[in-house]
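One letter stands for each residue in the lines below.
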Amino acid sequence: MTDLTENEGIRLMQTVFVVERVLRELLAPEKINLSRFGNMVPHLHWHIIPRFADDPHFPNPVFGARQRDGARPLPAGFVRSMRQQLSGLLEKNP
């Protein structure tokens, strides 16, 4: 993050918050975990992870051991809805 210019950092965080907001609207999770990494190869990426009380890892981190089997299916039209909402929102936040 500190390799980014101030404007790049602001733009990145605006994007992370937009994605989080859209995931909250579409999935209604109990919470969202935000995590950033860039260990071995110089790069930066974010994990924006909706969490539910019945998700396979809850209450542990999603990177830890599973607590139960199963997975929550995505709602019908989820990918289309994400694309539509993100394209509109991200265009508004240049």
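Data block above holds the structure.
Computed from a predicted model, the values in this text were never measured in an experiment. Position labels on residues start from 1 in each chain and follow its written sequence. Local features in this predicted model are restricted to residues whose pLDDT is 70 or higher, and side-chain atom pairs enter the listing and the counts only when it is 80 or higher, whereas totals over whole chains, interfaces and linings include all residues. To get the side-chain values, take all heavy atoms of the structure and skip hydrogens and water.

Let's shift gears to the overall build of the protein. Tallying secondary structure elements over the protein gives two helices and two strands in all. Reading the secondary structure of the protein in the N-to-C direction produces α-β-β-α. In terms of overall dimensions, the protein has a C-alpha envelope of 40 × 35 × 20 Å along the principal axes. Any residue under 20% of the maximum accessible area for its type is buried, any over 50% is exposed, and the rest in between are partly exposed; the area is computed with a 1.4 Å probe on protein chains only. The proportion of buried residues among the 94 residues of the protein is 23%. Secondary structure elements follow DSSP: runs of H or I no shorter than four residues count as helices, runs of E no shorter than two count as strands, and numbering proceeds from the N terminus.

Here we take up the nonpolar core. Membership of the largest hydrophobic core is limited to 12 residues, which are Val 16, Val 18, Val 19, Val 22, Leu 23, Leu 27, Ile 32, Ile 48, Phe 52, Phe 78, Met 82 and Leu 86. Take this core: its biggest share by element is six residues, from helix α1 (residues 6–27). Every residue pair with non-hydrogen atoms within 4.5 Å of one another is taken to be in contact. Ignoring anything within four residues of it in the chain, the contact list for Val 22 reads Met 82, Gln 85, Leu 86 and Leu 89. Here the nonpolar core consists of buried residues drawn from Ala, Val, Leu, Ile, Met, Phe, Trp, Tyr and Cys, with membership extended through side-chain atoms lying within 4.5 Å.

Glancing now at the packing of aromatic side chains. The criterion for an aromatic pair is that two Phe, Tyr or Trp rings (for Trp, the six-membered ring) have centres within 6.5 Å, with stacked assigned to planes under 30 degrees apart, edge-to-face to planes over 60 apart and tilted to the rest. Here the structure, examined in full by the defined rule, presents zero aromatic pairs. Each ring is checked for a lysine NZ or an arginine CZ that lies within 6 Å of its centre and within 35 degrees of its normal; such an atom marks a charge sitting over the ring. The ring of Phe 52 has Arg 72 lying over it, and the distance from NZ or CZ to the ring centre is 3.8 Å.

Think of a salt bridge as a Lys or Arg side-chain nitrogen and an Asp or Glu carboxyl oxygen that are within 4 Å of each other. Per the counting criterion, the structure on display carries three salt bridges. Between Arg 72 and Asp 54 there is a salt bridge; the shortest N-O distance is 2.6 Å. With Arg 72 in the loop between β2 (45–51) and α2 (78–92) and Asp 54 in the loop between β2 and α2, the pair connects residues that are 18 residues apart, well separated along the chain. Of the residues examined, Arg 72 reaches a relative accessible area of 45% and is grouped as partly exposed.

A cis amide bond links Phe 58 to the next residue, Pro 59, at an omega of 5°. Here Pro 59 is to be found in the loop between β2 and α2. With phi around 50°, Ala 28 is a residue other than glycine that occupies positive phi space. The class of Ala 28 is exposed, set by a relative accessible area of 58%.

In this fold, Val 16 is placed in helix α1. Distance from Val 16 to His 47, taken between C-alpha atoms, is 9.1 Å for residues 31 residues apart in sequence. Excluding its chain neighbours within four sequence positions, the residues that come into contact with Val 16 are Leu 34, Trp 46 and Ile 48.

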